[in-house]
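Single-letter residue listing:
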Amino acid sequence: MPRPPIALLVDRLEAWTLLALGLAAGIVLPHPVTTVLWTAAARAFERAGDVGMVARLTSLTKFGGRIDARLHGDTLGHLRFA
């Protein structure tokens, strides 16, 4: 069953808000906080059906790889050798 248009609008508004918060947080806080906020924004864009914006967020030079990993559940913060 497709989601109602108002739900998509709320998801899109949530996504842009999280993106803006991540941008503001990036000025004063370390990158893990920014990555968490931008990952949440990417999930909200995904729920809203905006795959283009998700692609933009995951292709960012500095944070894209981290956002993509968190979207797929890979949250290891260290290397594993086994």
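Here the structure is shown first, and the text comes after it.
Residues numbered from 1 in each chain as written. Predicted model: local features only at pLDDT ≥ 70, side-chain atom pairs only at ≥ 80, totals over all residues. Heavy atoms only, no water.

A. Fine view of the overall build of the protein chain. Looking only at helices and strands, one finds 4 helices and 0 strands in the protein chain. Listed N to C, the secondary structure of the protein chain is α-α-α-α in terms of helices and strands. C-alpha atoms of the protein chain, sized along the principal axes, occupy 45 × 35 × 15 Å. By the burial criterion, 30% of the 82 residues in the protein chain qualify as buried. Pairs at least 24 apart in sequence give 51% of the contacts found in the protein chain among residues at least 6 apart. Across the protein chain, the mean location of the 9 positive side-chain charges is 5 Å away from that of the 6 negative side-chain charges. (Helix = DSSP H or I, 4+ residues; strand = E, 2+ residues; numbered from the N terminus. Buried < 20%, exposed > 50% of the residue type's maximum accessible area, 1.4 Å probe, protein only. Contact = heavy atoms within 4.5 Å. Lys, Arg positive; Asp, Glu negative; His and termini not counted. Charge placed at Lys NZ, Arg CZ, Asp CG, Glu CD.)

B. Summary view of the packing of aromatic side chains. Considering all chains together, one arrives at 1 aromatic pair under this definition. Between W16 and F45, the ring centres sit 5.4 Å apart and the planes meet at 90 degrees, which makes this aromatic pair edge-to-face. You can see W16 sitting in helix α1 (residues 5–28) and its partner F45 sitting in helix α2 (residues 31–48), a full 29 residues away along the chain. Residue W16 is classed as partly exposed on the basis of its relative accessible area of 45%. (Phe/Tyr/Trp six-rings, centres within 6.5 Å; stacked < 30°, edge-to-face > 60°.)

C. Up close: a nonpolar patch on the surface. A contiguous nonpolar patch, built from I27, V28, L29 and V33 and spanning about 400 Å² of accessible area, is present on the exposed surface. With respect to the element layout, V33 can be found in helix α2. (Patch = residues over 30% accessible without salt bridge, like charges linked within 9 Å, V, L, I, M, F, W, Y side chains within 5 Å. Areas by Shrake-Rupley, 256 points an atom, 1.4 Å probe, with all protein chains shown as cover. Salt bridge = Lys/Arg side-chain N within 4 Å of Asp/Glu carboxyl O.)

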